[in-house]
Amino acid sequence: MCSCVAERTGSLGLSCHQPCGTALQCGNHCCEQECHRGACTPCSLLPSLVLYCPCGRMEVSKLMKEPRVSCLDPIPKCDNVCGRQLPCGWFHFCESKCHTGPCPPCGGVSQVKCQCGQTVQEIPCRLFQPNEVVLCDRLCNKKKGCGRHRCNQRCCTDTEHLCLLPCNKLLRCGIHRCEERCHLGHCPRCYNAGFEELTCHCGAQVIYPPIPCGTSPPVCDQPCSRMHDCFHPGMHSCSEQLLLVCDEDV
């Protein structure tokens, strides 16, 4: 329950952070403070509270023939320059004559460092917002941690330069590609595995699953039992490569 409701119900609560809006004792204005407990502050425009002109340099009594009697009476202004610091944040001051209400936008120009600190830009204050990030057009030429790619980021402030691209190099298995981020050094072994038995050509030797991807067939010293073009039995072992020339002719 917010305080504005709590005051009406007699209970305690939190602020809803909205304007209070309660009618002030002057009968002409409402409370502009954030929702609060307790009584509202008196109207800030009461004659007893406004003793100086808006810029604060001259007393109201010296600028008026007749004193103000109500908070609705206009506040007199002097002929001095306002001089209040403008909200642009660069120590520029209002050059308008003494006035009520907010100051007009700053007409000055500010020198603002870009995000990486390498360049300084002149930006009209009316176009610049406090805490706004200013970027230059300088492209970072530093190499990323992988040693293969360059940053190429505009107005870069990165200190680690991690490469977020996939490696995609062909792994030693010759089938799959590296799925890690681009990196230095050798890629890790392939983590895929087969779940079917891997045998030699004649079936005498067997490797049982799980079998790491890229594993070669087992070595077998038995005579080759494969069919040859010449129809002569092979004189080489099972694991040796099938000869294009008949063993009888060698």
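Residues numbered from 1 in each chain as written. Predicted model: local features only at pLDDT ≥ 70, side-chain atom pairs only at ≥ 80, totals over all residues. Heavy atoms only, no water.

## Points about the overall build of the chain
Okay, so step 1: For the chain, the helix and strand inventory stands at one helix and six strands.
Okay, so step 2: In the chain, the order of α-helices and β-strands from amino to carboxyl end is α-β-β-β-β-β-β.
Okay, so step 3: When each of the 250 residues of the chain is scored for burial, the buried share is 25%.
Okay, so step 4: Partitioning the intrachain contacts of the chain with sequence separation of at least 6 by distance along the chain shows that 16% fall at a separation of at least 24.
Okay, so step 5: Working note: accessible area of the chain is about 18,200 Å², and carbon and sulfur atoms make up 53% of it. (Helix = DSSP H or I, 4+ residues; strand = E, 2+ residues; numbered from the N terminus. Buried < 20%, exposed > 50% of the residue type's maximum accessible area, 1.4 Å probe, protein only. Contact = heavy atoms within 4.5 Å. Areas by Shrake-Rupley, 256 points an atom, 1.4 Å probe, with all protein chains shown as cover.)

## A word on the pattern of salt bridges
Where side chains of opposite charge bring their charged atoms close, a pairing between them can arise.
Okay, so step 1: As enumerated under the stated definition, the model contains one salt bridge in all.
Okay, so step 2: In this structure, Asp137 engages Arg154 in a salt bridge whose closest nitrogen and oxygen atoms are separated by 3.4 Å. On the criterion of sequence distance, the pair formed by Asp137 in the loop between strand 2 (120–124) and strand 3 (193–194) and Arg154 in the loop between strand 2 and strand 3 is long-range, its members being 17 residues apart.
Okay, so step 3: On the basis of relative accessibility, which here comes to 40%, the residue Arg154 falls in the partly exposed class. (Salt bridge = Lys/Arg side-chain N within 4 Å of Asp/Glu carboxyl O.)

## Focus on the environment of Cys167
Okay, so step 1: Tracing the chain through its elements places Cys167 in the loop between strand 2 and strand 3.
Okay, so step 2: Of the residues examined, Cys167 reaches a relative accessible area of 6% and is grouped as buried.
Okay, so step 3: Along the chain, Cys167 and Arg177 lie ten residues apart, while their C-alpha atoms are 8.1 Å from each other.
Okay, so step 4: Beyond its immediate stretch of four places on either side in the chain, Cys167 contacts Arg148, Cys178, Glu180, Arg181, Cys182, His183 and Cys187.

## Notes on unusual backbone geometry
Okay, so step 1: Omega for the peptide link from Pro209 to Pro210 comes to 0°, which places this bond in the cis form.
Okay, so step 2: Positionally, Pro210 belongs in the loop between strand 5 (206–207) and strand 6 (211–212).
Okay, so step 3: At Asn152, a position not held by glycine, the phi torsion is positive, near 60°.
Okay, so step 4: Along the chain, the position of Asn152 falls in the loop between strand 2 and strand 3.
Okay, so step 5: Positive phi, normally seen in glycine, also occurs at His161, with a value near 55°.
Okay, so step 6: For His161, a relative accessible area of 5% puts it in the buried group.

## Digging into the layout of surface pockets
Okay, so step 1: In this structure, the largest pocket occupies an estimated 220 Å³ of space.
Okay, so step 2: Around the largest pocket sit Leu24, His29, Cys30, Cys31, Glu32, Gln33, Thr41, Pro42, Cys43, Ser44 and Leu45, which together line it.
Okay, so step 3: A per-class count over the lining of the largest pocket returns six nonpolar, four polar and one charged. (1 Å grid on protein atoms, 1.4 Å probe; cavity = no way out; pocket = protein on both sides within 12 Å on 5 of 7 lines; lining within 4 Å. Points joined across faces, edges and corners; volume = space filled by probe spheres on them. Nonpolar A, V, L, I, M, F, W, Y, C, P; charged D, E, K, R; others polar.)

## Some remarks on the pairing of strand 2
Okay, so step 1: In this structure, strand 1 (residues 109–113) lies alongside strand 2, joined through five bridges in antiparallel fashion. Each residue of the ladder has a partner; that of Val109, found in strand 2, is Pro124.
Okay, so step 2: Between strand 1 and the antiparallel strand that follows it, strand 2, lie six residues; Gly117 among them carries a positive phi value of about 80°. (Pairing = 2+ DSSP bridges.)

## Quick word on the confidence of the model for the chain
Okay, so step 1: Of all residues in the chain, 88% attain a pLDDT of 70 or more, and the chain-wide mean is 85.
Okay, so step 2: Summarising per-element confidence for the chain, the mean pLDDT is lowest in helix 1 (residues 3–9) (51) and highest in strand 5 (90). (pLDDT = per-residue confidence, 0-100.)

## Some details on the side chain of His99
Okay, so step 1: With respect to the helices and strands, the residue His99 is situated in the loop between helix 1 and strand 1.
Okay, so step 2: Not counting residues up to four positions away in its chain, the partners in contact with His99 are Pro54, Lys77, Cys82, Arg84, Cys94 and Pro104.

## Some remarks on the environment of Pro130
Okay, so step 1: Within the element layout of this structure, Pro130 appears in the loop between strand 2 and strand 3.
Okay, so step 2: Classification of Pro130 as partly exposed rests on a relative accessible area of 47%.
Okay, so step 3: In this structure, the C-alpha to C-alpha distance between Pro130 and Gly89, residues 41 residues apart in sequence, is 7.0 Å.

## Some details on the nonpolar core
Okay, so step 1: Core analysis: the largest hydrophobic core is formed by seven residues, namely Cys167, Leu171, Cys173, Cys178, Cys187, Cys190 and Cys213.
Okay, so step 2: Apart from the residues within four sequence positions on either side, Cys178 is in contact with Cys167, Asn168, Lys169, Leu171, His183, Cys187 and Pro188.
Okay, so step 3: Cys82, Leu86, Cys94 and Cys106 belong to the second-largest nonpolar core, a separate cluster that totals six residues. (Core = buried A, V, L, I, M, F, W, Y, C linked by side-chain atoms within 4.5 Å.)

## A look at the side chain of Arg68
Okay, so step 1: Along the chain, Arg68 falls in the loop between helix 1 and strand 1.
Okay, so step 2: Buried charge without a salt bridge: Arg68, with Asp73 as the nearest opposite-charge side chain at an N-O distance of 5.3 Å.
Okay, so step 3: Separated by 3.0 Å, the side chain of Arg68 and the backbone oxygen of Leu45 make a polar contact.
Okay, so step 4: Discounting residues that sit within four places of it in the chain, Arg68 has contacts with Leu45, Leu46, Pro47, Val50, Val60, Asp73, Pro74, Ile75 and Pro76. (Lys, Arg positive; Asp, Glu negative; His and termini not counted. Polar contact = N/O pair within 3.5 Å; in protein donor to acceptor, adjacent residues only side chain to side chain.)

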